[in-house]
Amino acid sequence: MTELILALDVADKDEALALVAPLRGHLRWVKLGLQLFTRHGPQIVECFAGQGFSVFLDLKLHDIPNTVASAIKSLRGRPCSLLTVHTLGGPEMLCFAVESAREALPTTTVLGVTVLTSMDAGQLAAIGLGHAPVDAVRLLARMGIGAGLQGLVCSPQELPVLRAEFGSGPLWVTPGIRAAGAPADDQNRTLTPAEAAAAGASHIVVGRPILKAPDPVRAVLAIQAELAQASGASFGR
Ligand code: C5P
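Treat the numbers as computed from the prediction; the structure is a model and nothing was measured.

A. Up close: the pairing of strand β7 (residues 171–174). Looking at chain direction, strand β6 (residues 151–153) and β7 are connected through three bridges and run parallel. Pairing of G151 across the sheet is with L171, part of β7. Considered for its hand, the β-α-β crossover made up of β6, helix α8 (residues 159–166) and β7 is right-handed. Pairing analysis gives two bridges linking β7 to strand β8 (residues 203–206), with the strands arranged parallel.

So this is what it looks like as structure tokens:
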């Protein structure tokens, strides 16, 4: 079944801890991103792993191969279950990342971010990639899988094409999740939780729709119910 990852994009650790306290036992995954990492440093990983959550550390590492490999080695021993690098760093950088993670973080799954879900065709063209998003994502996914990545981050809109080519072996982690008619904020390539589950997401990443909900716990439970129903429906097909 598709699992929910809560993106903890909040100002500080105490706010994040208060938010997740009532979710212990209801939610497995939290995503720690640049906002908390730059505020508190890498020990933020222990803080949430120590609360019983599986931690997705979303750093989207993107630099020359040696620097990315060294940054991953600096995370040695941190209890993060998922870690992101950016596939736009290219095949050599990705190979270095996979190799250094194998050595320094052997239990961590390295995911490659493809095209940010905030980008549309116009924004891709502005950075010189005149492809439709799905074609750019497919190209980056091929490169990432070829380099040994164990999963990819993309919009759920691209999943039918990616799953047709790469199957269900890799993890398919999809942000850009919005309920029908809800504000998209800065996201451009969105689907609902049920649509993402039906398209084959292994995990969906949701931030603001939960963080800004009047009752975040209720919002988490509602999304999980939607995922359960969608996966029941796809098993029944
Ligand atoms: O608030 P929202 O649900 O849009 O948050 C999405 C989260 O997923 C953010 O933490 C963002 O950094 C992350 N993300 C994304 N698109 C990607 C990769 C990660 O939105 N391609």
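So, next bit.
B. Spotlight on the nonpolar core. Counting residues in each nonpolar core, the largest one holds 65 residues, and the members touching the most others are L8, F48 and V85. In contact with L8, not counting residues within four places along its chain, are A16, L19, V20, V30, K31, L32, L36 and F48. In terms of nonpolar packing, the next biggest core, distinct from the first, is built from ten residues, A7, F56, V153 and V205 among them.

C. Fine view of the site of the ligand. Residues in close proximity to the ligand total 17 residues, the closest being D9, K31, T117, G207 and R208. Within the side chain of K60, an N or O atom sits 3.5 Å from an oxygen atom of the ligand. Considering the ligand on its own, with 470 Å² of exposed area, one finds that the protein chains cover 88% of that surface. When atoms are counted within 2 Å of each cavity's grid points, the one that captures over half of the ligand is the largest pocket. Taken together, the residues of the shell around the ligand break down into eight nonpolar, three polar and six charged.

D. Here's a closer look at the environment of A71. Relative to the helices and strands, A71 resides in helix α4 (residues 65–74). The exposure class of A71 is partly exposed, given its relative accessible area of 29%. The spacing of A71 and A97 is 26 residues in sequence and 9.1 Å in space, taken between C-alpha atoms.

Parameters at a glance
- Residues numbered from 1 in each chain as written.
- Predicted model: local features only at pLDDT ≥ 70, side-chain atom pairs only at ≥ 80, totals over all residues.
- Heavy atoms only, no water.
- Pairing = 2+ DSSP bridges.
- Helix = DSSP H or I, 4+ residues; strand = E, 2+ residues; numbered from the N terminus.
- Right-handed = clockwise from strand over helix to strand, strands pointing away.
- Core = buried A, V, L, I, M, F, W, Y, C linked by side-chain atoms within 4.5 Å.
- Buried < 20%, exposed > 50% of the residue type's maximum accessible area, 1.4 Å probe, protein only.
- Contact = heavy atoms within 4.5 Å.
- Near = heavy atom within 4 Å.
- Polar contact = N/O pair within 3.5 Å; in protein donor to acceptor, adjacent residues only side chain to side chain.
- Areas by Shrake-Rupley, 256 points an atom, 1.4 Å probe, with all protein chains shown as cover.
- 1 Å grid on protein atoms, 1.4 Å probe; cavity = no way out; pocket = protein on both sides within 12 Å on 5 of 7 lines; lining within 4 Å.
- Sits in = over half its atoms within 2 Å of the grid points.
- Nonpolar A, V, L, I, M, F, W, Y, C, P; charged D, E, K, R; others polar.

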